[in-house]
Amino acid sequence: FQAPGWIEPRPAPMHVAALSEGVLALNFVVEGDEVRSGDAIARLIDVDALLACREAQAELALREAELQRTEAEAEAARLRKENPVHLDAALAAAESALAKIETARSAIPFLISAAEARLQYAAENLRGKEQAESAIAARLVQEARSQEAEARAEREQLHERKQSLTAEAAAARKQVEALSAQRKLLIDETEAVENAAAALKAAQARRDAAAIAVEQ
């Protein structure tokens, strides 16, 4: 619509509120002064605000460092998954240990055969000396008995060693199988990568929150 007339400012006072509480330090205008949009009309004491800003900046720097550390950990986890040399080394060591045990175990039958032969010879030697005990010195008979006992003990030890090596070989084989499966599946490494990714997101969120606090 159209109408003749004039515009007058409202005679009531205009109240201006501050965005934050504080103590007034300076007042730039007095009643009746003309002000324009954007003009500063007063200033609050800013000591506390400056301290809070420095604190927020320090927190931001801390979160930036935390983010960098988390990024490095995430990258290390990714590299360990893509290049699991630690598992390769462990698997190679387990396979080498198994090979040594198998080699020692394969030699046991020959050692037992040799021990059986020595025992048989010692037993025959002892019987011969015992039959001719009256014709030879008692020392020689005692030596023959000692040799026979040593040969028998050696044979028993080899049988026990065979059982022990069999058990060691079974345990080493299981370890090799477990490491082979771990090398193939990379369960721990995959979990580490996923955990690192989650930690990275959390660190980024904390960094962003600290940046917002600085802006505030």
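Please read all numbers here as calculations on a predicted model, not as lab measurements. (Residues numbered from 1 in each chain as written. Predicted model: local features only at pLDDT ≥ 70, side-chain atom pairs only at ≥ 80, totals over all residues. Heavy atoms only, no water.)

Moving on to the overall build of the chain. Secondary structure assignment for the chain yields four helices and two strands. Sequence-ordered secondary structure for the chain, helices as α and strands as β, is β-β-α-α-α-α. Radius of gyration (C-alpha) of the chain: 45 Å, far over the 17 Å computed for a compact globule of 216 residues. Across its three principal directions, the C-alpha atoms of the chain cover 155 × 45 × 20 Å. Counting all 216 residues of the chain, 18% fall into the buried class. Sequence-distant contacts, at least 24 apart, represent 70% of the contacts inside the chain between residues at least 6 apart. As displayed, the chain offers around 16,400 Å² of accessible surface, 56% of which is attributable to carbon and sulfur atoms. (Helix = DSSP H or I, 4+ residues; strand = E, 2+ residues; numbered from the N terminus. Rg over C-alpha atoms; globule rule 2.2 N^0.38 Å. Buried < 20%, exposed > 50% of the residue type's maximum accessible area, 1.4 Å probe, protein only. Contact = heavy atoms within 4.5 Å. Areas by Shrake-Rupley, 256 points an atom, 1.4 Å probe, with all protein chains shown as cover.)

By size, the foremost hydrophobic cluster in this structure holds 13 residues, and its most contacted members are L98, I101, I108, L158 and V176. Within the residue set of this core, elements represented by two or more residues are α2 (85-131) and α3 (138-185). The element best represented in this core is α2, accounting for seven residues. Among all residues touching V176, those that are not within four sequence positions of it are L91, A94, E95 and L98. (Core = buried A, V, L, I, M, F, W, Y, C linked by side-chain atoms within 4.5 Å.)

Assignment of secondary structure puts A122 in helix α2. According to the relative accessible area criterion, A122 is buried, its value standing at 4%. When the C-alpha positions of A122 and A144 are compared, they lie 6.6 Å apart, and in sequence the two are 22 residues distant. Dropping the residues within four chain positions of it, A122 is found in contact with A144, Q147, E148 and A151.

Moving on, we come to the packing of helix α1 (residues 47-82) against helix α4 (residues 187-215). Closest axis-to-axis distance for the α1/α4 pair is 8 Å, and the angle between their directions is 165 degrees. With respect to α4, the element α1 is oriented roughly antiparallel. The crossing of α1 and α4 is left-handed. Taken together, the residues that form the contact of α1 with α4 break down as 15 nonpolar, four polar and 12 charged. (Axes fitted to C-alpha atoms, helices over the stretch in contact; angles between N-to-C directions. Parallel < 35°, antiparallel > 145°, perpendicular 65-115°, else oblique. Left-handed = near helix turned anticlockwise from the far one by under 90°. Nonpolar A, V, L, I, M, F, W, Y, C, P; charged D, E, K, R; others polar.)

Attention shifts here to the side chain of E148. Looking at the secondary structure, you find E148 in helix α3. The class of E148 is buried, set by a relative accessible area of 12%. Within the structure, E148 has its side chain in polar contact with the side chain of R152 (distance 2.3 Å). Residues within four places of E148 in sequence aside, it is in contact with L119, A122, A123 and L126. (Polar contact = N/O pair within 3.5 Å; in protein donor to acceptor, adjacent residues only side chain to side chain.)

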